[in-house]
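Chain residues, written in single-letter form:
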Amino acid sequence: MYKLILIWLLLVSYTSIATETIRVRGSQSEHDSTHNYYVGLIELAFDKLNKPIRIQFSPYMVQDRALFELQSNRLIDLYWAGTNQQRESELGVVPIPLIKGLLGYRVFTIHQDNEQLFSQIKSIKSLKNMTLCQGQHWPDTDIMLAAGLSVITNVVYENMFKQVYADRCKAFPRGINEAFSEVESRQQIMPKLMVFDEVILHYRFPMYFFTHKDNTRLINDLQSGLMLAIKDGSFDKYMQTHPTTQHLFPLSKWKKKTILTIDNPFLSQSTPVEDKELWITLGNNK
């Protein structure tokens, strides 16, 4: 009996030591429908490495604060966000686009009353007449402003949907992987909110996992695990079956959409743009 208890204690002790705890941000709101997509990718990466992990959720904080805490090595260990040169210079980065670049395909979350207005957009020039909502600390804001688009910012994620609904801005451009589930989750409180996807704004914009620069083990584990998932096809399968991305497939459905492309002058030169395994290209860009 004593030996059995000793074996059990050793097993519990080993499991406790072997299981890594990773602190990530909490969801942006109760309607943050894409949050568990990224949590699932963390789990997928470590599953490929056969390494047990425990994910612990820290309180939600705005993006600028979260990145500061990450850089200071406090409160969170891992954060997912769109990238720019500054973030990659200050933080540890896993350079694998988490939605294969689809975050840079932006459809428009609008009020139904503005559908006809958006159906007339055929060029970047005509899009410049529309006031767009974006997050205050988001790289997207700088990209859109650099292209001459009209942008108003807000620090609170949920408020931008409210601004669209109250016609304080004409649209909230969202990643093609984000918009549909976000609108669906708000149908009870915003029944006239809709996604306009006949015109798509595009710029090269990968979403990466970020951590502290010194957290090389976490960087290497995530990069190795995600690459294994890409190589064996389970990354694509995950995208094709997850509730927030499965609507994107088959990709042929986007061929007839009008895609307007702008430059991203803030993209790091180290971005792996030539690795076709890491990117999805939609439609015929203009």
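Worth saying up front: this structure is predicted, and the values here are computed from it rather than measured.

Cut-offs applied
Within each chain, residue numbers correspond to sequence positions counted from 1 in written order. Given that the model is predicted, a residue must reach a pLDDT of at least 70 before its local features are reported, and side-chain atom pairs must reach 80 or more before they are shown or counted; all residues, however, enter totals for whole chains, interfaces and linings. To obtain the side-chain values, all non-hydrogen atoms of the structure were used and water was disregarded. Working definition: helices are DSSP H or I runs of at least four residues, strands are E runs of at least two. Numbering for both runs from the N terminus. Only C-alpha atoms enter the radius of gyration; for comparison, a globular chain is expected to reach 2.2 Å times N to the power 0.38, where N is the number of residues. With a 1.4 Å probe rolled over the protein chains alone, any residue whose accessible area is under 20% of its type maximum counts as buried; one over 50% counts as exposed, and the rest are partly exposed. A contact between two residues is defined here by any heavy atoms of the two lying within 4.5 Å. The protein chains shown are the only cover counted for residues, whose accessible areas, like all others here, come from Shrake-Rupley with a 1.4 Å probe. pLDDT expresses how confident the predictor is about each individual residue, on a scale running from 0 to 100. A pair of strands is treated as paired once DSSP finds two or more bridges between them. Every axis in this analysis is a line fitted to C-alpha atoms, fitted for helices over the stretch in contact. Angles between the N-to-C directions lie between 0 and 180 degrees. Domain segmentation is taken from an automatic or database assignment of domains. Computed with a 1.4 Å rolling probe, the buried area is the accessible surface lost when two parts are put together, summed over both parts. Any carboxyl oxygen of Asp or Glu within 4 Å of a side-chain nitrogen of Lys or Arg constitutes a salt bridge here. Polar contacts, as used here, are pairs of N or O atoms within 3.5 Å; protein pairs need one atom able to donate a hydrogen and one able to accept it. Residues neighboring in sequence count only if both atoms are side-chain atoms. Gly counts as polar in this scheme, as do all residues outside two lists: the nonpolar Ala, Val, Leu, Ile, Met, Phe, Trp, Tyr, Cys and Pro, and the charged Asp, Glu, Lys and Arg. The handedness of a crossover follows from its direction of travel: if, with the strands pointing away from the viewer, the path from the first strand over the helix to the second runs clockwise, the crossover is right-handed. Cysteine sulfur pairs qualify as disulfides if the two atoms are within 2.5 Å. Paired rings are identified among Phe, Tyr and Trp, the last through its six-membered ring, by centres lying within 6.5 Å, and are further divided according to the angle between planes into stacked (under 30 degrees), edge-to-face (over 60) and tilted (the rest).

A. Summary view of the overall build of the protein chain. Along the protein chain, the regular secondary structure elements total eleven helices and twelve strands. Relative to the 2.2 N^0.38 estimate, which gives 19 Å for 286 residues, the radius of gyration of the protein chain is 20 Å and therefore close to what a compact globule would have. The buried share of the protein chain, reckoned over its 286 residues, is 53%. Considering only intrachain contacts with a sequence separation of at least 6, the fraction spanning at least 24 residues in the protein chain is 78%. With the model as given, the accessible surface of the protein chain reaches about 13800 Å², and the carbon-plus-sulfur share is 51%.

B. The arrangement of the confidence of the model for the protein chain in detail. Counting all residues, the mean pLDDT for the protein chain is 91, and 92% of those residues have values of 70 or more. Counting interchain partners and residues more than four positions distant, the pLDDT-below-50 stretch residues 6-17 has zero contacts.

C. Geometry of the sheet that holds strand S3 (residues 79-82). Overall, antiparallel pairing links the three strands, which are arranged S3-S10-S4 in an open sheet. Each of the sheet's edge strands pairs with one partner strand only, and the pair in question is S3 and strand S4 (92-94). For this sheet the average axis-to-axis angle between neighbouring strands, irrespective of direction, equals 40°. Summarising the sheet, S4 and strand S10 (residues 207-211) pair through three bridges and their orientation is antiparallel. Bridge pairing links Gly92 to Thr211 in S10. Against the sheet, helix H3 (residues 63-71) touches S3 and S10, its axis set at about 125° to S3. Sitting on the sheet, helix H10 (residues 216-232) is in contact with S4 and S10, with an inclination near 10° to S4.

D. Molecular detail of the domain arrangement of the protein chain. Once the domains are mapped, the protein chain shows domain 1 (20-100 + 207-249) and domain 2 (102-202). Measuring from the centre of the C-alpha atoms in domain 1 to the corresponding centre in domain 2 gives 24 Å. Across the domain 1 to domain 2 interface the summed buried area is about 1700 Å²; carbon plus sulfur atoms make up 59%. Our enumeration of links across domain 1 and domain 2 arrives at zero salt bridges. In this structure, the connection of domain 1 to domain 2 is made through four residue pairs in polar contact (both at pLDDT 80 or more). Here the residues of the side of domain 1 that touches domain 2 sort into six nonpolar, twelve polar and four charged.

E. Quick peek at unusual backbone geometry. Pro250 follows Phe249 through a cis peptide bond whose omega is 0°. Mapping Pro250 onto the fold places it in the loop between helix H11 (234-241) and strand S11 (258-261). Look at Asn73: it is not a glycine, yet its phi comes out positive at around 60°. Within the secondary structure, Asn73 is located in the loop between H3 and S3. A positive phi angle is found at Leu75, which is not glycine, with a value near 65°.

F. Molecular detail of the pairing of strand S6 (residues 131-135). Most of S6 is tucked away, with four of its five residues classed as buried. Traced from S6 through helix H7 (residues 139-146) to strand S7 (residues 150-154), the parallel crossover comes out right-handed.

G. Looking closely at the state of the cysteines. Per the counting criterion, the structure on display carries one disulfide. Here Cys133 connects covalently by a disulfide to Cys169, the sulfurs 2.0 Å from one another. On the sign convention where negative means left-handed, the S-S torsion of about -110° between Cys133 and Cys169 marks this disulfide as left-handed. One end of the pair, Cys133, is in strand S6; the other, Cys169, is in the loop between helix H8 (157-165) and strand S8 (172-175), with 36 residues separating them in the sequence.

H. Representation of the environment of Asp113 in the model. Relative to the elements of secondary structure, Asp113 occurs in the loop between strand S5 (105-111) and helix H5 (115-119). A relative accessible area of 62% means that Asp113 is categorised as exposed. Separated by 52 residues in sequence, Asp113 and Tyr165 have C-alpha atoms that sit 9.6 Å apart.

I. Seen up close, the environment of Ser33. Relative to the assigned elements, Ser33 resides in the loop between strand S1 (20-25) and helix H2 (35-48). Through-space distance from the C-alpha of Ser33 to that of Thr244 is 7.2 Å; in sequence the pair is 211 residues apart. In this structure, Ser33 is in contact with Glu178, Ser181, Glu182 and Thr244, ignoring residues within four places of it in sequence.

J. Region of the structure containing the packing of aromatic side chains. Tallied over the entire structure, the rule returns eleven aromatic pairs. Summarising the aromatic geometry, the rings of Trp80 and Phe209 are spaced 6.4 Å apart at their centres and angled 75° between planes, so their arrangement reads as edge-to-face. Of this pair, Trp80 sits in strand S3 while Phe209 sits in strand S10, placing them 129 residues apart in sequence. Since its relative accessible area comes to 3%, Trp80 is described here as buried.

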